[in-house]
Amino acid sequence: MSRVYNFSAGPAVLPEEVLKEAAAEMLDYNGTGMSVMEMSHRSKAFEEIIEAAEADIRDLMNIPDNYKVLFLQGGASQQFAMIPMNLMKNGVADFIVTGQWAKKAYQEAQKYGKANKIASSEDKTFSYIPDCSDLPISEDADYVYICENNTIYGTKYKELPNTKGKTLVADVSSCFLSEPVDVTKYGVIYGGVQKNVGPAGVVIVIIREDLIREDVLPGTPTMLQYKTHADAKSLYNTPPCYGIYICGKVFKWLKKQGGLEVMKERNEKKAKLLYDFLDQSKMFHGTVEPKDRSLMNVPFVTGDPDLDAKFIKESKAAGFENLKGHRTVGGMRASIYNAMPYEGVEALVAFMKKFEEENM
């Protein structure tokens, strides 16, 4: 059984080292005689797992003491409701809509208050990031919301918006831990882990303590209040124990690699290899404005749907999985997260060159 190169947008490739460690510990974790899947979330063994995971992500991201780290369930999509329920004190929030997920968050927030779309790139199929240097921020906005890396469309904010003093909330699902980040610039920074950090089923929320309050919207369920989880250290109910355990292993793997500075350098190198090829190819071309290109998700097309389909079929046969693009963009998309080795991108580019020669 040989491993394929998995370019899935999520659930996505995980470090092989982590998978092997987890496999070795499957029947007996650390001498407990149990798998992590079987142990009580109230046990000392699991307490050590979740505490180490929190300590390691704090270390990796340099998270200040006045921010809580919460390991929650419901994916990033549940945060679309949880954020307005907890943060909409004035009943107003501003949204910059740069893709499907920001759009869904904007639509969900409309159920709880006034959601203003203050900028969007929908006019060009979300292929760029709008200028966010001087936006019409609402005077009474409780927060400004962005999706920082757009998985489907392959765009990424290179500079954070000027929120004019308002709290910034960011979904970082598909660029989580791919480069250093200044947590102090955000009120809330959160991400579903299934793209760059771990298996599906966990969402990590990093939230400034002053935003964790009891005066949430009336009717907010207990499970959807940040205070519930912050007070209980993410153990209010049974958390996604095994997912948290794998995330913890990924954090240790990242530290062993040299941290987020090293990951950024590696990710830039991988992305450059693929973008450089796309820029000189006569057949393939990228769909994103170069200045806004993501290091994580690279959509590209040939311009001919039949040729795209042929490429997807032949690439799969050659051991390259999950290269089909999202239906709203078409063509192909290569997601090259932290755990995708440079050799994987190198092999993909070699295959693309060969395909181009044979089909021009």
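To be clear, the structure that these remarks concern was listed above.
Residues numbered from 1 in each chain as written. Predicted model: local features only at pLDDT ≥ 70, side-chain atom pairs only at ≥ 80, totals over all residues. Heavy atoms only, no water.

Topic: the pattern of salt bridges
For step 1, the next point in the chain: This model, assessed by the stated rule, comprises 30 salt bridges.
For step 2, the next point in the chain: As a salt-bridge pair, K310 and E314 come within 3.9 Å of each other at their nearest N and O atoms. One end of the pair is K310 and the other is E314, both in helix α8 (residues 305–317) and 4 residues apart, which spans about a single turn.
For step 3, the next point in the chain: K310 sits in the partly exposed class, given a relative accessible area of 35%.
For step 4, the next point in the chain: Several salt bridges converge on common partners, so that one network encompasses D56, D59, K252 and K255. (Salt bridge = Lys/Arg side-chain N within 4 Å of Asp/Glu carboxyl O. Helix = DSSP H or I, 4+ residues; strand = E, 2+ residues; numbered from the N terminus. Buried < 20%, exposed > 50% of the residue type's maximum accessible area, 1.4 Å probe, protein only.)

A closer look at the packing of aromatic side chains
For step 1, the next point in the chain: Applying the stated criterion across every chain yields a total of 17 aromatic pairs.
For step 2, the next point in the chain: Ring geometry for Y5 and F320: centres 6.2 Å apart, planes at 20°, overall stacked. Residue Y5 is found in strand β1 (residues 5–6), and its partner F320 is found in strand β13 (residues 320–321); the two are separated by 315 residues along the sequence.
For step 3, the next point in the chain: Assessed through its relative accessible area of 6%, F320 is described here as buried.
For step 4, the next point in the chain: These aromatic residues form a ring-pair network of at least three members: Y5, F7, F277, F284, F300, F311, F320, F351 and F355.
For step 5, the next point in the chain: Sitting over the ring of Y128, K124 keeps its end group 5.8 Å from the ring centre. (Phe/Tyr/Trp six-rings, centres within 6.5 Å; stacked < 30°, edge-to-face > 60°. Lys NZ or Arg CZ within 6 Å of the ring centre and 35° of its normal.)

Some details on helix α2 (residues 44–61)
For step 1, the next point in the chain: Look at α2: 26 Å from first C-alpha to last across 18 residues, which is about the 26 Å you get at 1.5 Å a residue.
For step 2, the next point in the chain: Note on α2: the residue one or two positions beyond its end, N62, has a positive phi of about 55°. (Expected span 1.5 Å × (residues − 1).)

Quick word on the packing of helix α3 (residues 75–87) against helix α4 (residues 100–109)
For step 1, the next point in the chain: Look at α3 against α4: their axes get within 9 Å of each other, and the N-to-C directions meet at 40°. When the axes of α3 and α4 are compared, the pair comes out oblique. Relative to α4, the crossing made by α3 is right-handed. The segment α3 lies against α4, with S77, F80, A81 and P84 engaging W101, K104, A105, E108 and A109.
For step 2, the next point in the chain: Considered class by class, the residues forming the contact of α3 with α4 number 6 nonpolar, 1 polar and 2 charged. (Axes fitted to C-alpha atoms, helices over the stretch in contact; angles between N-to-C directions. Parallel < 35°, antiparallel > 145°, perpendicular 65-115°, else oblique. Left-handed = near helix turned anticlockwise from the far one by under 90°. Contact = heavy atoms within 4.5 Å. Nonpolar A, V, L, I, M, F, W, Y, C, P; charged D, E, K, R; others polar.)

Section: the sheet that holds strand β14 (residues 332–335)
For step 1, the next point in the chain: Taken in spatial order, the 3 strands line up as β11-β12-β14 in an open sheet, and their pairing is antiparallel. One side of each edge strand has no neighbouring strand; the edge strands of this open sheet are β11 (285–286) and β14. (Pairing = 2+ DSSP bridges.)

Section: the side chain of H229
For step 1, the next point in the chain: For H229, the location among the structural elements is in helix α5 (residues 226–231).
For step 2, the next point in the chain: For H229, a relative accessible area of 4% corresponds to the buried category.
For step 3, the next point in the chain: Setting aside its immediate chain neighbours within four residues, H229 contacts L70, L72, M82, M223, S234, Y236 and N237.

Overview of the pairing of strand β12 (residues 297–301)
For step 1, the next point in the chain: Burial within β12 is extensive, with 5 of its 5 residues counted as buried.
For step 2, the next point in the chain: The alternating pattern of β12 places N297, P299 and V301 on one face and V298 and F300 on the opposite face, and all of these are buried.
For step 3, the next point in the chain: Of the pairings in the sheet, the one linking β12 to β14 comprises 4 bridges and is antiparallel in character. Bridge assignment links N297 to a residue of β14, and that residue is S335.

Structural notes on the environment of A53
For step 1, the next point in the chain: Here A53 is to be found in helix α2.
For step 2, the next point in the chain: With 82 residues separating them in the primary sequence, A53 and L135 have C-alpha atoms 37 Å apart.
For step 3, the next point in the chain: Discounting residues that sit within four places of it in the chain, A53 has contacts with F71, I244, G248 and F251.

Details of the nonpolar core
For step 1, the next point in the chain: Counting 59 residues, the largest nonpolar core has M61, I204, I206 and F251 as the members making the most contacts within it.
For step 2, the next point in the chain: Per-element accounting of this core gives the leading share, 10 residues, to helix α6 (residues 241–257).
For step 3, the next point in the chain: Apart from residues lying up to four places away in sequence, I206 is in contact with M61, I63, Y67, K68, V69, F176, V183, G187, V188 and I189. (Core = buried A, V, L, I, M, F, W, Y, C linked by side-chain atoms within 4.5 Å.)

Considering the side chain of S121
For step 1, the next point in the chain: By the secondary structure assignment, S121 is in the loop between β4 (114–120) and β5 (144–147).
For step 2, the next point in the chain: Relative accessible area serves as the criterion here: at 0%, S121 is assigned to the buried category.

Some points on unusual backbone geometry
For step 1, the next point in the chain: In this structure, P11 follows G10 across a cis peptide bond, with omega equal to -10°.
For step 2, the next point in the chain: Of note, P11 is situated in the loop between β1 and α1 (16–24).
For step 3, the next point in the chain: For N62, which is not glycine, the phi torsion reads 55° and is therefore positive.
For step 4, the next point in the chain: Following the sequence through the fold, N62 ends up in the loop between α2 and β2 (67–72).
For step 5, the next point in the chain: Residue classification places N62 among the exposed residues on the basis of a relative accessible area of 64%.

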